[in-house]
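Structure at a glance
The primary structure of each chain is shown beneath.
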Amino acid sequence: MKIIQYPNPILRQKCEKIKNPTDSAIQQLILDMIKTMRANDGAGLAAPQVGKNIQLCVMEVDNEIFTLINPEIKNLSGKDLFIEEGCLSFPGKFLPIKRCEKIKVKAYDNSGKKQIIRARGLLARVFQHEIDHLNGELFIDKAVEYK
Ligand code: ZN
């Protein structure tokens, strides 16, 4: 799939909730997004980045794949960490971004099962970055706060 680049306004839309996570079109989209993320060496990809205005993102950290559907952040905790981040919609751009060390997220997984995931470190950072995409928020917004 083609990845949408900033400043395309699609990246600023708030995404709609997915009504049926097990729908075959959604299942195919998840597979296509994982393939696209890997082909572009990304740690994560959100549906608006491939032109879909729905609450879905995929991530791969330490060879483990995560699919989040309709994710809700339940808690952010731990230290604030500034680490350089990139985004597939901003080729070649890397900025130090402040993120929380730990996150607790409620979401549906790719089988439509509701789950609570706790993550820390890099995975927590990727979760925060991708969930921001579903709200039309981009890492450059947080970089401004840093300055
Ligand atoms: Zn991104």
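Residues numbered from 1 in each chain as written. Predicted model: local features only at pLDDT ≥ 70, side-chain atom pairs only at ≥ 80, totals over all residues. Heavy atoms only, no water.

**Quick notes on the coordination of the zinc ion**
Those protein atoms acting as donors to the zinc ion are Cys87 (SG), His129 (NE2) and His133 (NE2), and they sit at 2.0 to 2.2 Å. If you list the donors of the zinc ion from N- to C-terminus, the spacing comes out as C-x41-H-x3-H. Taken together, the positions of Cys87 in strand S3 (residues 64–87) and His133 in helix H2 (residues 121–134) put the pair 46 residues apart, joining distant regions of the chain. Judged by relative accessible area, which is 8%, Cys87 ranks as buried. (Donors = N, O, S within 2.8 Å, 3.2 Å for Na, K, Ca; no water. Helix = DSSP H or I, 4+ residues; strand = E, 2+ residues; numbered from the N terminus. Buried < 20%, exposed > 50% of the residue type's maximum accessible area, 1.4 Å probe, protein only.)

**Describing the sheet that holds strand S5 (residues 114–120)**
Reading across the sheet, the five strands line up as S1-S2-S3-S4-S5 and stay open at both edges, with antiparallel pairing between neighbours. Strands with a single pairing partner mark the edges of an open sheet, and in this sheet they are strand S1 (44–46) and S5. Neighbouring strand axes in the sheet, compared pairwise and without regard to direction, differ in orientation by 40° on average. Bridge analysis of strand S4 (residues 90–108) against S5 gives seven bridges, and the strand direction is antiparallel. Its bridge partner lying in S5, Lys106 is registered against Ile116. Helix H1 (residues 24–39) contacts S1, strand S2 (56–61) and S3 of the sheet and is inclined by roughly 45° relative to S2. (Pairing = 2+ DSSP bridges. Axes fitted to C-alpha atoms, helices over the stretch in contact; angles between N-to-C directions. Contact = heavy atoms within 4.5 Å.)

**Digging into the side chain of Glu60**
Of note, Glu60 is situated in strand S2. On the accessibility criterion, Glu60 (18% relative accessible area) is buried. A polar contact of 2.8 Å, which involves the side chain of Glu60, links it to the side chain of Arg38. Discounting residues that sit within four places of it in the chain, Glu60 has contacts with Met37, Arg38, Ala43 and Ile65. (Polar contact = N/O pair within 3.5 Å; in protein donor to acceptor, adjacent residues only side chain to side chain.)

**Remarks on the pattern of salt bridges**
Summed over all chains, the structure comprises ten salt bridges. Salt-bridge contacts for Arg99 lead to Asp132; the nearest nitrogen and oxygen are separated by 2.8 Å. Here Arg99 is found in strand S4, whereas its partner Asp132 is found in helix H2, with 33 residues between them in sequence. Ionic pairing is found between Arg120 and Glu101, a salt bridge with its closest N-O pair at 3.4 Å. Placement of Arg120 in strand S5 and of Glu101 in strand S4 is noted, with a sequence separation of 19 residues between them. (Salt bridge = Lys/Arg side-chain N within 4 Å of Asp/Glu carboxyl O.)

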